[in-house]
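Single-letter residue listing:
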Amino acid sequence: MDIKDFSITNIRQALIDKKVSALEITQNYLDRIKKVDSKVKAFITVTEDIALSQAKNIDEKIAKGATLGKLAGSTVAVKDIYLTKGIQSTAGSRILEAFIPPYSSTVYQKVMAEDAIIVGKTNCDPFAFGGSTENSGYFPTHNPWNLDRIPGGSSGGSAAAVAAAMCTFSLASDTGGSIRQPASMCGVT
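Read on for an overview of the structure. Fair warning: this is a prediction, and the values are worked out from it, not measured in the lab. (Residues numbered from 1 in each chain as written. Predicted model: local features only at pLDDT ≥ 70, side-chain atom pairs only at ≥ 80, totals over all residues. Heavy atoms only, no water.)

A few words now on the side chain of Thr45. Along the chain, Thr45 turns up in strand β1 (residues 43-46). According to the relative accessible area criterion, Thr45 is buried, its value standing at 14%. Excluding anything up to four places from it in sequence, Thr45 contacts Ile87, Gln88, Val119, Gly120 and Lys121. (Helix = DSSP H or I, 4+ residues; strand = E, 2+ residues; numbered from the N terminus. Buried < 20%, exposed > 50% of the residue type's maximum accessible area, 1.4 Å probe, protein only. Contact = heavy atoms within 4.5 Å.)

Tallying each qualifying case throughout the model produces zero aromatic pairs. It is Lys41 that lies over the ring of Phe139; its NZ or CZ is 5.3 Å from the centre. (Phe/Tyr/Trp six-rings, centres within 6.5 Å; stacked < 30°, edge-to-face > 60°. Lys NZ or Arg CZ within 6 Å of the ring centre and 35° of its normal.)

Of all five residues in strand β2 (residues 75-79), five are buried; the element is thus mostly enclosed. Note that β2 and strand β3 (residues 117-122) share five bridges and pair parallel. Considered in β3, the bridge of Val76 is made with Ile118. Once you follow β2 into helix α4 (residues 106-113) and on to β3, the crossover reads as right-handed. Both β2 and strand β4 (residues 169-171) contribute to a ladder of three bridges, which runs parallel. Opposite Val76, over in β4, you have Phe169 as the bridge partner. (Pairing = 2+ DSSP bridges. Right-handed = clockwise from strand over helix to strand, strands pointing away.)

Oppositely charged side chains can form a pair if their charged atoms are brought close together. One pass over the structure, following the stated rule, counts five salt bridges. Among the ionic pairs, Glu48 bridges to Lys34, the shortest N-O distance being 3.2 Å. With Glu48 in helix α3 (residues 48-64) and Lys34 in helix α2 (residues 22-40), this pair connects stretches of sequence that are 14 residues apart. The class of Glu48 is partly exposed, set by a relative accessible area of 26%. Two residues, Asp115 and Lys61, come together in a salt bridge whose shortest N-O distance is 2.9 Å. (Salt bridge = Lys/Arg side-chain N within 4 Å of Asp/Glu carboxyl O.)

A few words now on the sheet that holds β4. Here four strands make up an open sheet; going across it, the order is β1-β3-β2-β4 and the pairing mixed. In the strand order of this sheet, the two ends are held by β1 and β4, each with one partner. With strand direction ignored, the average angle separating the axes of adjacent strands in the sheet is 30°. Strands in contact with helix α5 (residues 156-163) are β1, β2, β3 and β4; relative to β4, the strand with the most contacts, it is inclined by about 175°. (Axes fitted to C-alpha atoms, helices over the stretch in contact; angles between N-to-C directions.)

In this section: the packing of α2 against α3. As a packed pair, α2 and α3 sit with axes 8 Å apart at the nearest point and diverge in direction by 160°. By the angle between their axes, α2 is roughly antiparallel relative to α3. The chirality of how α2 crosses α3 is right-handed. Contacts between α2 and α3 involve Ala22, Leu23, Thr26, Gln27, Leu30 and Lys34 from the first element and Glu48, Ala51, Leu52, Ala55, Ile58 and Asp59 from the second. Looking at the contact of α2 with α3 residue by residue, the class counts come to seven nonpolar, two polar and three charged. (Parallel < 35°, antiparallel > 145°, perpendicular 65-115°, else oblique. Left-handed = near helix turned anticlockwise from the far one by under 90°. Nonpolar A, V, L, I, M, F, W, Y, C, P; charged D, E, K, R; others polar.)

Here is the structure:
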């Protein structure tokens, strides 16, 4: 199976049919992040060790015949405004650079409860306030289709990560177009 064949709708079934393992899927996406993200800069934090551990747990569930969650084996990139217990959460600001939350946001908990695999936290305008993902406290994110263009904002890292095939799907936010604009600019839905 090629990375471009992976979608939420077929990953779970491919795992059940033992055509691929969660570890293989996850490693494929992590390799893609290593290959592409130095140019796109969608991720503030890549969670390689956590992702590989989660994939191993899913493969163990399959081996035991346990019921899989609806998102089993799908890799998720999480906008850095969402709290993720034990994983740096900066909201795109240097003010929170050392913040490791003691609990997780509800949306992240729900996605993890369905056996998704987190590959990292995506860049955004600080505190989700901006329209370009150029003003992050860390670095600007680029549109993967044309690195000289913006991905939109404030969820530019989330849209760019999906468009560049660095994850199956991503979590983003939308108050004033924060994901609608980047999804449009990066050509994803």
